[in-house]
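Reading the structure
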Amino acid sequence: MAEGSAGLAGLLAAAEDRMPVESAEVVAFELARRLEARSVSFLITDFTGNAVVRLSNADAGEEREHIGLPGTVYGQVLRDQRVSVRRGRHPGGQVQIVAPVTNRGDAIGLLEVFLPQAPEPATVQTIVESAHALAYILIANRRFTDLYQWGRRTLPMNLAAEIQNTLLPDSLTCEAPQFTVSGELIPTAEIAGDTFDHSLDRHTLHVSITDAMGHDVRAALIATLLVGALRSARREGADLADQAHQAHQALLDHGHQGPLVTGQLFRIDLQTGSADFVNAGHPWPWLLRGGRLERIIPEIDPPFGAPLPHPYRVQSLQLRPGDRLILVTDGMLERNAAAEDLPSLIEGTRDLHPRETVHALTQAVLRAQQGVLHDDATVVCLDWQGTQD
């Protein structure tokens, strides 16, 4: 197989010559042909984060292979983000190679290759590079098809959940030299309006977490109104106070006395780590610094849409390299959820990647409530590395 840029260029060209729904299959076919592999397939992570689904020439309504992650090589590769080469454990002595399909920390899935004999290091590197290229190919092509959304759904999704899902960032995790941010939302059956968002401009990282009070479609619609207002203000270049004001005003003008929305908005300078933030009636964040966990106790303004005695106050926090910031919604603090001792959980996951941290925290709360949440549970984890001088 051609190596380096020529090999990757060939994969990109082959993908662009076919329909967007065939992107993963095209990469699989090209790898199988060039490596003389017995089989090549793409496995996508499902919405729960607890399984992968094999997407190989499958379509909506068809049965898919659903594989739980705990205790498997698939879970290990997703967690560690390292390729696995396993020899002699498969029929006919085939060698299994599993590589992460990940872009900027967003673990999209896995590329699995079976070879008839042990691969050379260059072959393994080719598979790793192809998996990385596949991440970019999938991101570019998922705009044009529902196939990858369908592939991730191993549980039913009602209308409120569908609306809520569209409000989340396209990639739940983002890595950059200065930071890594990741979020996870576990919805209730009735959907309680949680959302989170993150976005970059050249000098600033924007992070938000919000919770529309109430349940079902009404809460999802109010959350839509708020997130739309925040994004509109942010994209206009509004400062943090004006973003908060525009979101508040949108609920007053268009919410029709609907539920209020609590929230935290952060605006972080990528050069200095200086963070401005607004707290609109939301649970306090946590800061893990130098091995010590503390609660950030801000001035608390009313929720968006509530009577506002004064403009939203912009507060400040100076982030230092090595800091971890944890934002939560009140679903993480429910009576049964509190039995899991959230501070101890945060401290116990300090060495995990933010992507793994948010999953561990939400799953712990889900277990504490015997799998039945009474409110959406949402966590955002931000690791601040700072600038490299």
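As shown above, the structure is provided for reference.
Let me sum up the structure you'll find in this document. (Residues numbered from 1 in each chain as written. Predicted model: local features only at pLDDT ≥ 70, side-chain atom pairs only at ≥ 80, totals over all residues. Heavy atoms only, no water.)

All right, on to the pairing of strand 14 (residues 292-295) then. By the bridge criterion, four bridges tie strand 13 (residues 286-289) to strand 14 in an arrangement that is antiparallel. In the strand pairing of strand 14, L287 is matched with E294. A loop of two residues connects strand 13 with strand 14, the two strands running antiparallel in sequence, and G290 in this loop sits at a positive phi of about 60 degrees. (Pairing = 2+ DSSP bridges. Helix = DSSP H or I, 4+ residues; strand = E, 2+ residues; numbered from the N terminus.)

Right, let's talk about the environment of V95 for a bit. Positionally, V95 belongs in strand 5 (residues 95-103). V95 sits 58 residues away from A37 along the chain, and the two C-alpha atoms are 9.7 Å apart. For V95, the residues in contact, after removing those within four places along its chain, are V85, R86, R87, V113, F114, L115, Q117, A118 and P119. (Contact = heavy atoms within 4.5 Å.)

Turning next to the sheet that holds strand 12 (residues 274-280). With respect to topology, five strands assemble into an open sheet ordered 9-10-11-12-15, the strand pairing being antiparallel. Bordering the open sheet on either side are strand 9 (194-200) and strand 15 (315-318), each of which pairs with just one other strand. Across the sheet, the mean angle from the axis of one strand to that of its neighbour is 15 degrees, orientation sign disregarded. Pairing analysis gives six bridges linking strand 11 (residues 261-269) to strand 12, with the strands arranged antiparallel. If you follow L265 over to strand 12, its bridge partner there is V278. (Axes fitted to C-alpha atoms, helices over the stretch in contact; angles between N-to-C directions.)

Time to look at the environment of P354. Looking at the element boundaries, P354 is found in helix 11 (residues 354-368). Relative accessible area serves as the criterion here: at 3%, P354 is assigned to the buried category. Sequence spacing of P354 and R324 is 30 residues, and the spatial spacing of their C-alpha atoms is 8.9 Å. (Buried < 20%, exposed > 50% of the residue type's maximum accessible area, 1.4 Å probe, protein only.)

Take helix 7 (residues 216-235) next. Between the first and last C-alpha of helix 7 there are 29 Å, a value that for 20 residues agrees with the 28 Å anticipated at 1.5 Å per step. Contacts from the buried residues of helix 7 go to helix 6 (159-167), strand 9, strand 10 (204-212), helix 8 (240-254) and strand 11. G237, located one to two residues past helix 7, shows a positive phi value of around 85 degrees. (Expected span 1.5 Å × (residues − 1).)

By size, the foremost hydrophobic cluster in this structure holds 30 residues, and its most contacted members are F42, V101, L111, V113 and L138. When residues of this core are traced back to their parent elements, those giving at least two are helix 1 (4-16), helix 2 (23-35), strand 1 (39-45), strand 2 (51-55), strand 5, strand 6 (106-115), helix 4 (121-141) and helix 5 (147-151). Dropping the residues within four chain positions of it, L138 is found in contact with A24, F42, V101, I108 and Y148. (Core = buried A, V, L, I, M, F, W, Y, C linked by side-chain atoms within 4.5 Å.)

What follows is about the pattern of salt bridges. Following the criterion strictly, the structure yields 14 salt bridges and no others. In this structure, D80 and R79 form a salt bridge, with 3.5 Å as the shortest nitrogen-oxygen distance. For D80, a relative accessible area of 33% corresponds to the partly exposed category. Look at R79 and you get partly exposed, because its relative accessible area is 45%. Taking the shortest distance from any N to any O, the salt bridge between R313 and D301 comes out at 2.8 Å. With R313 in the loop between strand 14 and strand 15 and D301 in the loop between strand 14 and strand 15, this residue pair connects regions lying 12 residues apart in the sequence. (Salt bridge = Lys/Arg side-chain N within 4 Å of Asp/Glu carboxyl O.)

Summary: where empty space remains is shown by rolling a probe the size of a single water molecule over the atoms. In this model, the second largest pocket occupies a volume close to 220 Å³. Taken together, R142, P169, D170, S171, C174, D197, H198, S199, L200, R231, R234 and R235 make up the full set of residues lining the second largest pocket. For the lining of the second largest pocket, the secondary structure elements donating two or more residues are strand 9 and helix 7. Tallied by class, the residues present in the lining of the second largest pocket amount to three nonpolar, three polar and six charged. (1 Å grid on protein atoms, 1.4 Å probe; cavity = no way out; pocket = protein on both sides within 12 Å on 5 of 7 lines; lining within 4 Å. Points joined across faces, edges and corners; volume = space filled by probe spheres on them. Nonpolar A, V, L, I, M, F, W, Y, C, P; charged D, E, K, R; others polar.)

Turning our eyes to something else, we now look at the packing of aromatic side chains. Going through the model one piece at a time under the given rule, you end up with two aromatic pairs. Summarising the aromatic geometry, the rings of F266 and F277 are spaced 5.1 Å apart at their centres and angled 15 degrees between planes, so their arrangement reads as stacked. Of the two residues, F266 sits in strand 11 while F277 sits in strand 12, which places them 11 residues apart along the sequence. There is no split in this pair, since F266 and F277 are both buried. Residues F304 and Y312 carry aromatic rings whose centres are separated by 5.2 Å and whose planes lie at 50 degrees to one another, so their mutual orientation is tilted. Residue Y312 is classed as buried on the basis of its relative accessible area, which comes to 6%. (Phe/Tyr/Trp six-rings, centres within 6.5 Å; stacked < 30°, edge-to-face > 60°.)

Okay, empty space enclosed by the protein next. Inspection of every chain in the model, using the stated rule, returns two cavities of 30 Å³ or more. Space inside the largest cavity adds up to approximately 140 Å³. Along its surface, the largest cavity is lined by 17 residues, and D197, S208, L230, R234 and L265 are the ones closest to its centre. Partitioning the lining of the largest cavity into residue classes produces eight nonpolar, six polar and three charged.

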